[in-house]
Amino acid sequence: NAGVTQTPKFQVLKTGQSMTLQCAQDMNHEYMSWYRQDPGMGLRLIHYSVGAGITDQGEVPNGYNVSRSTTEDFPLRLLSAAPSQTSVYFCASSYFRATDTQYFGPGTRLTVL
Amino acid sequence: AQSVTQLGSHVSVSEGALVLLRCNYSSSVPPYLFWYVQYPNQGLQLLLKYTSAATLVKGINGFEAEFKKSETSFHLTKPSAHMSDAAEYFCAVIPVFGNEKLTFGTGTRLTIIP
């Protein structure tokens, strides 16, 4: 099993550009989530999904969209990038619920100029 | 709403000394609690979790944590620090029922002094 994979590993955007961060898992997990990690702020939940076709907002959803058309994939879309979205983004998955053990991807480091 | 507070953003201990990382939680309903570890340039991985069974929880790499309801604490300890323990540690909380949002603390960076 590859576990949770994220692409790209690094990305530089200009303000106003859009892009999609990819996340995939091969463990047949129902629950998937996106976090951003900023110095001194820990991890903050952006969006999550409890299964294909079901998504909901986390703590910091503004400026981000998600969809979950399959169990395996959970892409995160930045609609119009802003410097405040410079961060490290982590995707995670768990078997069924957020109370289950979370398995994290290696992260995507995003810089918005 | 739930939250966790990690006291001390940086902790340094000598190799072989006791490791103590502090976590206090706030939750209006009984919570589950977790400790995750992040090694440099990697994602997080689970150290241990409290799910309302035993209050003393043993995890990987010799770490353990004790759930104390009266003190609303879930501190992480290891009797003897090893150089490989240098990493960032995150405490996290979620209600047993009610929502699907895991809330993380701000993290504690652990440095081991040779």
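In what follows, the structure referred to is the one given above.
Right, let's walk through the structure included here. As the structure is a prediction and not an experimental result, all values here were calculated from the model.

This part is about the sheet that holds strand S7 (residues 64–66) of chain A. Residue and element names in this part refer to chain A. As summarised here, the arrangement of the four strands in space is S1-S3-S8-S7, forming an open sheet in which the pairing is antiparallel. Of all strands in the sheet, those with a lone pairing partner are strand S1 (4–7) and S7, marking the two edges. Across the sheet, the axes of successive neighbouring strands diverge by a mean angle of 20°, strand direction being ignored. Both S1 and strand S3 (residues 19–25) contribute to a ladder of four bridges, which runs antiparallel. For Thr5, the partnering residue across the bridge sits in S3 and is Ala24.

Core analysis: the largest hydrophobic core is formed by 27 residues, its most contacted members being Trp35, Leu48, Phe74, Leu76 and Tyr89 of chain B. Sorting the residues of this core by element identifies strand S2 (10–14), strand S3 (19–21), strand S5 (31–38), strand S6 (44–50), strand S8 (64–68), strand S9 (73–78), strand S10 (87–95) and strand S12 (108–113) of chain B as the ones contributing at least two each. No other element matches the four residues that S10 of chain B contributes to this core. Residues Tyr35, Phe90 and Ala98 of chain A together with Tyr32 of chain B belong to the second largest nonpolar core, which totals 21 residues.

Moving on to the interface of chain A and chain B. Listed by partner, the interface residues are 23 residues for chain A and 23 residues for chain B. Of the roughly 1,700 Å² buried between chain A and chain B on both sides combined, carbon and sulfur atoms contribute 54%. When the area that chain A buries against chain B is broken down by residue, the three leading residues are Leu43, Arg97 and Thr99 of chain A, summing to 29%. Where chain A meets chain B, there are one salt bridge. Glu100 of chain B is the salt-bridge partner of Arg97 of chain A, the closest N and O atoms lying 2.7 Å from each other. Secondary-structure elements contributing two or more residues to the side of chain A that touches chain B are strand S4 (31–38) and strand S5 (42–51) of chain A. No other element matches the five residues that S5 of chain A contributes to the side of chain A that touches chain B. Grouping the amino acids of the side of chain A that touches chain B by side-chain chemistry returns 11 nonpolar, nine polar and three charged.

Calculation rules
- Residues numbered from 1 in each chain as written.
- Chains lettered and ligands numbered in written order.
- Predicted model: local features only at pLDDT ≥ 70, side-chain atom pairs only at ≥ 80, totals over all residues.
- Heavy atoms only, no water.
- Pairing = 2+ DSSP bridges.
- Helix = DSSP H or I, 4+ residues; strand = E, 2+ residues; numbered from the N terminus.
- Axes fitted to C-alpha atoms, helices over the stretch in contact; angles between N-to-C directions.
- Core = buried A, V, L, I, M, F, W, Y, C linked by side-chain atoms within 4.5 Å.
- Buried < 20%, exposed > 50% of the residue type's maximum accessible area, 1.4 Å probe, protein only.
- Contact = heavy atoms within 4.5 Å.
- Buried area = accessible area lost by both parts, 1.4 Å probe.
- Salt bridge = Lys/Arg side-chain N within 4 Å of Asp/Glu carboxyl O.
- Nonpolar A, V, L, I, M, F, W, Y, C, P; charged D, E, K, R; others polar.

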